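Here is how the chains run, residue by residue.
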Amino acid sequence: MDDLERELRDLSAWLETPDPPDVTARVRAQLTPPVPRRRRWRRYVAAALVAVLVAVLPPGRAALADAVAGLLRFAGVTVATSPGPQAPTGTPSPLPAQRITTVDEAQRVVRFPIRLPAKLGVPEQVLVADPDGAGRYRVATLLYDGGALRVDAFDGRLDVAFYKRVSGPIVEWTQVHGDFAVWVDGPHTLAYVDRAGTVRMSTARLAASTLIWQDRGVSYRIEGDLTRAEAVGIAESLR
């Protein structure tokens with residue numbers, strides 16, 4: 001080591017030098033190809049959609065929306081939008097193992113409480129459908145007005161049980177007892193989703209306007225020739 005090198009080493013102890021800069025992010029940015037303008041546009045739109053969904057979806061509820069696929073999942077029901085009407089053809093088959101019963105018996109064979117709407121009174125007919133291996137039925141249906149008005153109840157903690165296909169902006173949020181609900185205003189296709197998650201199109205039928213909500217872990221559908229206010233009134237009269 002010569003004298004100059006020794007002097008420089010001794011001097012280094014007296015110099016204040018900044019820490020070396022972290023160039024990792026800069027290098028990665030240079031190595032990563034630029035995002036095409038179209039992809040950037042899609043990202044901006046996706047971010048905007050997420051912001052809108054966060055703003056409109058009910059907080060603290062089991063609701064999921066996919067704006068790109070046009071799907072809304074709420075209270076055990078999937079609602080899919082389509083560009084035009086797709087009414088089912090033919091006579092729909094009943095739900096799996098559906099049978100007629102009474103209110104008292106239905107209460108014994110389902111895992112959730114059956115509540116009757118005070119505004120409608122005693123149902124004209126009661127149905128249960130889709131039993132499991134223990135003989136517990138998944139769906140209970142109360143029929144009124146010759147079957148034109150119906151109240152479906154099913155365990156909202158299970159997977160999706162009904163699949164709806166609608167056309168046009170006829171789905172909107174409303175409230176039942178101050179909690180969130182979904183109103184489908186107008187005819188739409190309704191099909192049953194079995195325990196395996198398969199949409200049984202053989203059960204597909206043209207359904208009337210429907211109110212969907214959830215209460216105490218039970219999901220409900222009121223379907224019939226009703227206004228939204230009438231449907232909400234019936235829902236809030238369940239006892």
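Residues numbered from 1 in each chain as written. Predicted model: local features only at pLDDT ≥ 70, side-chain atom pairs only at ≥ 80, totals over all residues. Heavy atoms only, no water.

*Asks:* Before we move on, could you go through the nonpolar core and cite the residues and values that matter?
*Replies:* One finds V110, F112, I114, V128, L211, W213 and I222 to be the most contacted residues of the largest nonpolar core, which totals 28 residues. Looking at this core, the elements with two or more residues in it are helix 4 (103–109), strand 5 (125–131), strand 6 (137–144), strand 7 (149–155), strand 10 (179–184), strand 13 (210–215), strand 14 (218–223) and helix 5 (228–235). Apart from residues no more than four positions distant in its own chain, F112 is found in contact with Q107, Y137, R138, A140, A153, F154, D155 and V218. (Core = buried A, V, L, I, M, F, W, Y, C linked by side-chain atoms within 4.5 Å. Buried < 20%, exposed > 50% of the residue type's maximum accessible area, 1.4 Å probe, protein only. Helix = DSSP H or I, 4+ residues; strand = E, 2+ residues; numbered from the N terminus. Contact = heavy atoms within 4.5 Å.)

*Asks:* Tell me about the sheet that holds strand 4 (residues 99–101), and please be specific about residues and values.
*Replies:* With respect to topology, eight strands assemble into an open sheet ordered 4-5-6-7-14-13-10-9, the strand pairing being antiparallel. The outermost strands of the open sheet, each flanked by one partner alone, are strand 4 and strand 9 (171–176). Across this sheet, the average inter-strand angle for adjacent strands is 25°, counted without regard to direction. Relative to strand 10, strand 9 runs antiparallel, the two sharing six bridges. Following the sheet pairing, W173 is matched in strand 10 by V182. (Pairing = 2+ DSSP bridges. Axes fitted to C-alpha atoms, helices over the stretch in contact; angles between N-to-C directions.)

*Asks:* An account of the layout of surface pockets is requested, with residue identities and associated values reported.
*Replies:* When its volume is computed, the second largest pocket comes out at roughly 190 Å³. Taken together, 14 residues make up the lining of the second largest pocket; nearest its centre are S93, L95, R150, T203 and R205. Elements supplying a minimum of two residues to the lining of the second largest pocket: strand 7, strand 11 (188–193) and strand 12 (199–207). The element that contributes the greatest number of residues to the lining of the second largest pocket is strand 11, accounting for three residues. Its residues assigned to classes, the lining of the second largest pocket comprises eight nonpolar, three polar and three charged. (1 Å grid on protein atoms, 1.4 Å probe; cavity = no way out; pocket = protein on both sides within 12 Å on 5 of 7 lines; lining within 4 Å. Points joined across faces, edges and corners; volume = space filled by probe spheres on them. Nonpolar A, V, L, I, M, F, W, Y, C, P; charged D, E, K, R; others polar.)

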